[in-house]
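Breakdown of the fold
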Amino acid sequence: MATIVKSYEPTFWDRLYIPALVKGLMVTFRHIFKKKVTIQYPDEKHIPPEGYRGLHRLNKFDDDRIKCVACEMCAAACPSHCIHIVPDASPWEEGKERYPVRFDIDLLRCIYCGFCEIACPEEAIELTEIYDFADYTRESFLIDKDGLLEVYEMTKDENFYLREKENAA
């Protein structure tokens with residue numbers, strides 16, 4: 001047997017909305033005097049916490065050789081299938097047998113999960129702290145090997161946004 005529940009009947013004060021208005025204004029006045037946490041974005045950049053997963057980079061050895069051995073473990077681990085690698089025999093005498101001729105990442109397809117970074121046995125691919133990359137075309141979000149190495153050059157020393165902040169000062 002069904003239970004009948006009587007619906008709420010608003011009182012006179014509820015229909016005037018004065019208590020709700022006063023509660024809302026109290027919340028507003030409480031926040032007016034607190035310290036502001038707004039960041040003026042183009043002028044000030046948010047420094048992401050340690051472990052933030054942003055734009056990818058392809059790491060290199062000290063002698064400017066790519067660490068990647070084109071084992072394609074990162075592409076296999078990627079749940080969104082955004083990494084495409086074309087391997088070839090290594091042109092260097094000593095070192096690894098293979099290297100990537102092409103290494104492409106579709107940044108619009110990537111979910112920035114970090115599985116590629118975890119799967120890489122050579123620690124060749126890494127997610128950096130760079131979060132502000134935007135453009136007008138889809139093609140500009142296809143980053144190739146040269147673009148990944150360029151990101152390495154920008155982020156190899158320290159946090160990208162700390163250095164940018166020091167250069168602005």
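Preceding this section is the structure that the text describes.
The rules behind each value
Residues numbered from 1 in each chain as written. Predicted model: local features only at pLDDT ≥ 70, side-chain atom pairs only at ≥ 80, totals over all residues. Heavy atoms only, no water. Pairing = 2+ DSSP bridges. Helix = DSSP H or I, 4+ residues; strand = E, 2+ residues; numbered from the N terminus. Buried < 20%, exposed > 50% of the residue type's maximum accessible area, 1.4 Å probe, protein only. Contact = heavy atoms within 4.5 Å. Core = buried A, V, L, I, M, F, W, Y, C linked by side-chain atoms within 4.5 Å. Salt bridge = Lys/Arg side-chain N within 4 Å of Asp/Glu carboxyl O. Patch = residues over 30% accessible without salt bridge, like charges linked within 9 Å, V, L, I, M, F, W, Y side chains within 5 Å. Areas by Shrake-Rupley, 256 points an atom, 1.4 Å probe, with all protein chains shown as cover.

Bridge count between strand β2 (residues 83-89) and strand β3 (residues 98-106): seven bridges; the pairing is antiparallel. Each bridged residue has a counterpart across the sheet, and for A89 the counterpart in β3 is R98. Across two bridges, β3 lies against strand β5 (residues 142-143) in antiparallel orientation. Among the inter-strand pairings, D106 is bridged to a residue of β5, identified as L142.

Our next topic: the environment of F103. One can find F103 in strand β3. The exposure class of F103 is buried, given its relative accessible area of 1%. Considering only alpha carbons, one finds F103 and A70, 33 residues apart in sequence, at a separation of 8.6 Å. The contacts of F103, once residues within four sequence positions are left out, are L58, C68, C74, I83, H84, I85, I125, I143, D144, K145 and L148.

Turning next to the nonpolar core. Counting 28 residues, the largest nonpolar core has L58, I83, F103, I105 and I125 as its most contacted members. When residues of this core are traced back to their parent elements, those giving at least two are α3 (73-77), β2, β3, α5 (145-155) and α6 (160-168). Looking at this core element by element, the count peaks at three residues for α5.

With that settled, the discussion passes to the pattern of salt bridges. All chains considered together, the criterion is met by eight salt bridges. Across the pair D64 and K60 runs a salt bridge, and its minimum N-O distance is 3.8 Å. Taking relative accessible area as the criterion, D64 reaches 53% and is therefore assigned exposed. Connected through shared salt-bridge partners, K60, D64, E153 and K156 make up one network.

Taken together, the side chains of F12, W13, L16, I18, V22 and M26 present a nonpolar region at the surface, about 610 Å² in accessible area. Elements that contribute at least two residues to the nonpolar patch include exactly α1 (12-16) and α2 (18-32). Within the secondary structure, L16 sits in helix α1. Exposure remark for L16: the relative accessible area of 40% places this residue in the partly exposed category.

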